[in-house]
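Fold and contact review
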Amino acid sequence: MIRVGIIGAGGFAGGELIRLADQHPELELTFLGGSSSVGRRPAELHPGLRMDLGLTVEDADTDLTGRCDAVFLATPPETSARLAPVLAEQVACVIDLSGAFRIRTPELHHRWYPKAERPGGLADRFVYGVPELVGDQLTGASLISVPGCYATAITLGLAPLTDLGLTLRTVVVDGKSGSSGSGQKLRTGGLHPYRNGAITPYAPAGHRHAAEVRDFFDHGKPGTIGSLSMSAYGVSHVRGLLTSSYVFTDDEIDARELQRAYLRFYKGHRFVRVRRHNETMIPVPDPQAVVGSNYCDVTVVPDPEGERIVVLSALDNLLKGAAGQAVQALNRRYSLPEETGLTMQPLMPT
């Protein structure tokens, strides 16, 4: 059994990690860490988890030497930046769900995460944890940075295009996410009277996940993307997000070739479902068709009149966009089947 700890156990992602770890046949949950929730049981923090794990939340700074093999950090970026180097000396694997180590370029990181001061060079040791794209880099990795929810959807949507060798001159992303993406911090804009039924442009002129995507491609395939910009909107869903990536390229490619390229790229990758937008009774991808699962649904459609390619990606921001992908990365790290503990199907309707 792999002994795991979860720091940030009181948050939405922390609750999902507890749920997934409890049902995972190869994991033993041995530590829960936090700050304001110290002394409380999981069932007190997460009403849906009526379970007795024999654990209460302990101080996040507890020494975990000999207690855990791997630790998930479901903490704010500044907390992860402080804890990760300490934990790296205590456990075999640290999996961070925050943005503290996603952007490797120091200047770009400081622009988007000014409070997350990290030791020099540490970010270069982290593997960017999107299993479908980094392959064997996760096997045996000691430090893994789980991509952001938007970044996961965008990156999975664009990767087959870069694999075709296309030059993506301009990429414009429209992202819409449910309220759980904001976490549990109380904000006026998150109150039900304001959020319900709303389409809130909370980041109309740039988002840190776009910087993360650009940084990932620049390090892996430099020059494949000319410019990438993003606008983000909050919608009244609780879970789920949709990204619409409008890709402008001078390369010509027809609809059949695009579809075949995406199917070929994701063949054997269980958690990315390449779909035609008209294949079901409702158009897809749709976030409600993936909620409760670790799937990301992707559709690619050429738009000759607009001289663009439209790529749509939908996922559950708390699962494939956070806790589910973290467990998927852990499975790869320990050479387990990627789907272990993650075979739940979507819940619909939600």
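Structure: see above.
Here is a short report on the structure shown in this document.

Reading guide: rules and limits
- Once a new chain begins, its residue numbering starts again from 1 and follows that chain's sequence as written.
- For a predicted model such as this one, the threshold for reporting local features is a pLDDT of at least 70, and the threshold for listing and counting side-chain atom pairs is 80 or more; totals across whole chains, interfaces and linings nevertheless cover every residue.
- With hydrogens and water set aside, each side-chain value is computed from the structure's full complement of heavy atoms.
- Under the DSSP-based scheme used, a helix requires at least four consecutive residues in state H or I and a strand at least two consecutive residues in state E, with every element numbered from the N terminus.
- Relative accessible area decides the class of each residue, using a 1.4 Å probe on protein chains only: under 20% of the type maximum gives buried, over 50% gives exposed, and in between gives partly exposed.
- Here, two residues are considered to be in contact whenever any of their heavy atoms come within 4.5 Å of each other.
- The salt bridge criterion pairs a side-chain nitrogen of Lys or Arg with a carboxyl oxygen of Asp or Glu, the two atoms within 4 Å.
- To estimate how far a helix should reach, multiply one less than its number of residues by 1.5 Å.
- We define the bend at any residue as the angle between the axes fitted to the seven residues before and including it, ending there, and the seven starting there.
- A pair of strands counts as paired when DSSP detects no fewer than two bridges linking them.
- As a rule, the C-alpha atoms of each element are fitted with a line to give its axis, helices using only the stretch in contact, and angles between N-to-C directions run from 0 to 180 degrees.
- Using a grid of 1 Å spacing that covers the protein atoms alone, one calls a set of points a cavity when a 1.4 Å probe fits there but cannot get out, and a pocket when the set is open and has protein on both sides within 12 Å along at least five of seven lines; lining residues are those with an atom within 4 Å of a point.
- Grid points are joined across faces, edges and corners, and a volume is the space filled by probe spheres set on the points.
- Charged residues are taken to be Asp, Glu, Lys and Arg, nonpolar residues to be Ala, Val, Leu, Ile, Met, Phe, Trp, Tyr, Cys and Pro, and polar residues to be all remaining types, Gly included.

1. Comments concerning the environment of V38
The residue V38 is located in the loop between β2 (27–34) and α2 (42–45) in this model. Using a relative accessible area of 41% as the deciding quantity, one classes V38 as partly exposed. Each C-alpha atom of the pair V38 and D59 lies 6.1 Å from the other, and the pair is 21 residues apart in sequence. Among all residues touching V38, those that are not within four sequence positions of it are V57, E58 and D59.

2. Brief notes about the pattern of salt bridges
Close approach of charged atoms allows side chains with opposite charge to pair. Taken as a whole, this structure holds 21 salt bridges when the rule is applied. With a shortest N-O distance of 2.6 Å, K176 and D174 are connected by a salt bridge. Taking relative accessible area as the criterion, K176 reaches 29% and is therefore assigned partly exposed. Between D297 and R273 there is a salt bridge, and its shortest N-O distance comes to 2.7 Å. Note that D297 is positioned in strand β13 (residues 296–303) and R273 in strand β12 (residues 272–274), a separation of 24 residues in sequence. Overall, the relative accessible area of 23% leaves R273 in the partly exposed class. Among the ionic contacts, a cluster of salt bridges with common partners joins E16, R19, R239 and D316.

3. Section: helix α10 (residues 319–333)
The terminal C-alpha atoms of α10, which comprises 15 residues, lie only 18 Å apart, well short of the 21 Å expected from a rise of 1.5 Å per residue. Where α10 bends most, the angle comes to about 50°, and this point is Q325. With 15 of 15 residues buried, α10 lies mostly within the body of the structure.

4. Here we look at the sheet that holds strand β8 (residues 168–177)
Strand order in this open sheet of seven strands is β9-β10-β8-β11-β14-β13-β12, and the pairing throughout is mixed. Two strands in the sheet have a free side with no partner beyond their single neighbour: β9 (199–203) and β12. Pairwise comparison of adjacent strand axes, ignoring direction, gives a mean angle of 25° for this sheet. In this sheet, strand β14 (residues 308–315) lies alongside β13 in antiparallel orientation, the contact comprising eight bridges. Looking across to β14, one finds that V298 is bridged to S313. Of the strands in this sheet, β8, β9, β10 (225–235), β11 (241–248), β12, β13 and β14 touch helix α6 (residues 149–163), which is tilted by about 35° from β11.

5. Let's talk about the layout of surface pockets
Empty space among the atoms becomes visible once a probe the size of a water molecule is rolled across them. The volume enclosed by the second largest pocket comes to roughly 380 Å³. Y128, V134, Q137, F216 and G220 are the residues nearest the centre of the second largest pocket, which is lined by 20 residues in total. Contributions of two or more residues to the lining of the second largest pocket are made by β6 (127–128), α5 (131–134), α6 and α8 (208–220). Looking at the lining of the second largest pocket, the element that brings in the most residues is α8, giving five residues. Looking at the lining of the second largest pocket, its residues break down into 10 nonpolar, four polar and six charged.

6. Overview of the sheet that holds strand β3 (residues 58–59)
Within the open sheet, the seven strands sit side by side as β3-β2-β1-β4-β5-β7-β6. Their pairing is parallel. Pairing within the sheet leaves two strands with one partner each, and these edge strands are β3 and β6. As judged from the four bridges shared by strand β1 (residues 2–7) and strand β4 (residues 70–73), these two strands associate in the parallel manner. Paired with G5 across the strands is V71, a residue of β4.

7. Structural notes on the environment of V213
Take V213: it is sitting in helix α8. Along the sequence, V213 and I103 sit 110 residues apart, while their C-alpha atoms lie 8.6 Å from each other. Sequence-distant contacts of V213, that is, excluding residues within four places in its chain, are made with A151, I154, T155 and L228.

8. What to know about unusual backbone geometry
Most peptide bonds take the trans configuration, and most residues that are not glycine carry a negative phi. Cis rather than trans, the peptide bond between V284 and P285 has omega equal to 5°. One can find P285 in the loop between β12 and β13. For the bond from M348 to P349, the omega torsion is 0°, close enough to zero to count as cis. Its location among the elements puts P349 in the segment after α10. For E307, which is not a glycine, the phi torsion comes out positive at approximately 50°. You can call E307 exposed: its relative accessible area is 61%. If you check the backbone angles, S335 has positive phi at about 60° while not being a glycine. With respect to the secondary-structure elements, S335 resides in the segment after α10. Classification of S335 as exposed rests on a relative accessible area of 57%.

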